[in-house]
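Chains, contacts and geometry: an overview
Chain by chain, the residues run as shown.
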Amino acid sequence: MNPKYTPLFEPYKLNNGITIKNRLVVAPLTHRASNPDGSIGDGERLFLNDRFKGFGMFISAATLVSPEGKAFDGQPEAVGEKDLPSLKEVVEISRRQGAKAILQIHHGGHTAQTALINGLDKVAPSESPEGDWRALTSDEIHQVINAFARSADLALQAGFDGVEIHGANGYLIQQFVSAQTNRRTDEWGGSMANRMRFSLAVIDAIDAVRQKHQRPDFIIGYRFSPEEPGEDGLTMQDTFALIDALTEKPLQYLHVSLHEFYKKARRGADTTQTRIQQIHERIGGKLPLIGIGALFTADQILEAYQTGWAEFIAVGKSILLNPNLAELIENGREAEIIRELDPDKADHYRIPDALWQQCLAGLAYLPPLKGDKNWKPVDI
């Protein structure tokens with residue numbers, strides 16, 4: 001290995017005593033390759049095997065906690081006992097590659113797809129003005145909180161090293177935090193303190209599962225998006241308030257969702273500085289932060305880490321392009337890392353069919369196609 005990349009391979013000890021062997025994290029990748037019942041599919045197996053060898057942590061694709069929240073085709077599930085065999089297999093795939101296995105748990109809220117929820121109501125914190133979804137009742141809110149806890153229990157039983165609560169990208173948990181999607185007037189809405197109540201209740205419920213099993217080593221992380229467009233969308237000030245609350249909870253890490261690592265704040269903070277720098281400063285060393293955002297090459301990953309704005313660097317698009325990314329860096333072959341997807345080399349990437357078709361469509365949240373000079377990450 002080129003000695004300059006050594007910092008990326010330094011271990012980090014979490015506040016629950018668990019050591020992560022290096023600073024490289026596999027970002028949650030929506031592979032769309034589970035079977036319709038949420039069990040592991042052949043395309044998913046092919047995709048996951050030998051894709052993250054050498055990484056410190058592997059965060060799974062967003063995994064469904066409750067049937068009415070299914071947001072995309074091929075989504076894995078952690079809804080009940082039926083899902084344990086598949087969850088155990090994902091753990092084994094991760095362990096063979098030496099990475100800590102983290103199950104990302106997810107509910108789509110109003111982004112759930114009608115065709116995938118088998119006649120159930122589409123739900124969110126508040127009803128849709130157009131009638132496309134309805135507001136959760138107070139009892140249903142508690143049921144969804146329990147569903148997150150049940151998924152964490154299944155993850156623990158399956159052998160996962162932890163869970164990541166998906167509070168980002170406009171899904172249900174973020175819908176509660178945002179005034180744009182949460183217009184409730186009860187204890188779950190209104191003030192920022194009330195809008196955060198759902199997130200914090202989910203954390204508490206999962207921590208209770210961990211305590212029940214007497215597993216303080218079980219990792220709990222939380223992912224969030226720092227800003228939203230729209231007049232009532234999340235601002236950096238909202239995110240600072242959320243961070244203040246999260247750092248008081250029994251979490252092991254925070255994970256910011258960014259399409260560009262160096263993107264500057266839009267509003268509610270210093271707009272001349274990056275979002276991630278200000279987030280890291282707000283955390284103030286209370287928890288480690290995972291950073292991410294259009295980092296393709298070894299040098300880009302190293303430079304992002306050396307800003308000091310994140311304790312870990314997560315990589316997504318580059319893993320789609322380079323199934324052996326960490327090994328290339330570790331073995332001094334970083335010059336072989338590719339930055340563009342060649343449509344004629346499908347076998348190299350081992351990307352499942354549905355995701356491959358999206359890649360070929362040139363979607364901005366996926367890697368650039370070979371020769372595409374206009375590609376840039378999608379803005380948020």
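Residues numbered from 1 in each chain as written. Predicted model: local features only at pLDDT ≥ 70, side-chain atom pairs only at ≥ 80, totals over all residues. Heavy atoms only, no water.

A few words on the overall build of the protein. When its secondary structure is counted, the protein shows 13 helices and 13 strands. For the protein, the C-alpha atoms occupy an extent of roughly 55 × 45 × 45 Å along the three principal directions. When burial is assessed residue by residue, the protein has 59% of its 380 residues classed as buried. Long-range contacts, defined as pairs at least 24 residues apart, comprise 71% of the intrachain contacts of the protein with a sequence gap of at least 6. Total accessible area computed for the protein in this model is approximately 14,900 Å², and 47% of it derives from carbon and sulfur atoms. If you average the places of the 41 positive and of the 50 negative side-chain charges in the protein, the two averages end up 3 Å apart. (Helix = DSSP H or I, 4+ residues; strand = E, 2+ residues; numbered from the N terminus. Buried < 20%, exposed > 50% of the residue type's maximum accessible area, 1.4 Å probe, protein only. Contact = heavy atoms within 4.5 Å. Areas by Shrake-Rupley, 256 points an atom, 1.4 Å probe, with all protein chains shown as cover. Lys, Arg positive; Asp, Glu negative; His and termini not counted. Charge placed at Lys NZ, Arg CZ, Asp CG, Glu CD.)

This paragraph deals with the side chain of Lys-317. Positionally, Lys-317 belongs in helix α10 (residues 317–321). No salt bridge is formed by the buried Lys-317, whose closest oppositely charged neighbour, Glu-260, lies at an N-O distance of 9.4 Å. Aside from chain neighbours lying at most four places away, what touches Lys-317 is His-259, Phe-296, Ala-364, Tyr-365, Leu-366, Pro-367 and Trp-375. (Salt bridge = Lys/Arg side-chain N within 4 Å of Asp/Glu carboxyl O.)

Further remarks concern helix α2 (residues 84–96). Here α2 is 13 residues long and its end C-alpha atoms lie 18 Å apart, about the 18 Å a rise of 1.5 Å per residue gives. Listing the buried residues of α2 in full gives Leu-84, Ser-86, Leu-87, Val-90, Val-91, Ile-93 and Ser-94. Considering only its buried residues, α2 is in contact with α1 (42–48), β4 (57–59), β6 (100–106) and α3 (138–158). Where α2 ends, the next residue or the one after it, Gly-98, has phi of about 85 degrees, a positive value. (Expected span 1.5 Å × (residues − 1).)

If you look at the biggest cluster of nonpolar residues, it comprises 117 residues, and the most contacted ones within it are Phe-198 and Tyr-222. Per-element tally for this core: the top contributor is α3, with 11 residues. (Core = buried A, V, L, I, M, F, W, Y, C linked by side-chain atoms within 4.5 Å.)

The next point concerns the pattern of salt bridges. Working definition: two side chains of opposite charge can pair if their charged atoms are close together. Counted by the stated rule, this structure contains 22 salt bridges. Counted as one network, the salt bridges with shared partners bring together Lys-70, Glu-77, Lys-82 and Asp-83.

Moving on, we come to the UniProt feature "domain: NADH:flavin oxidoreductase/NADH oxidase N-terminal" (unreviewed entry) in the protein. Mapped onto this structure's residue numbering, the UniProt feature "domain: NADH:flavin oxidoreductase/NADH oxidase N-terminal" (unreviewed entry) falls at residues 8–335. Annotated as residues 8–335, this span is 33% helix and 14% strand, and its ends, taken at the C-alpha atoms, are 17 Å apart. (UniProt positions renumbered as here; feature names shortened; annotations may be inferred.)

Taken as a whole, this structure holds nine aromatic pairs when the rule is applied. Ring centres of Tyr-12 and Phe-312 lie 5.2 Å apart, and the angle between their planes is 65 degrees; this geometry places the pair in the edge-to-face category. On the criterion of sequence distance, the pair formed by Tyr-12 in strand β1 (residues 12–13) and Phe-312 in strand β13 (residues 312–315) is long-range, its members being 300 residues apart. Residues Trp-188 and Phe-198 carry aromatic rings whose centres are separated by 6.5 Å and whose planes lie at 75 degrees to one another, so their mutual orientation is edge-to-face. Residue Trp-188 is found in the loop between α4 (172–177) and α5 (192–195), and its partner Phe-198 is found in helix α6 (residues 197–212); the two are separated by 10 residues along the sequence. Across the pair, exposure class does not vary: Trp-188 and Phe-198 are buried alike. In textbook terms, an aromatic cluster arises when at least three aromatic residues are bridged by ring pairs, as seen for Phe-176, Trp-188 and Phe-198. (Phe/Tyr/Trp six-rings, centres within 6.5 Å; stacked < 30°, edge-to-face > 60°.)

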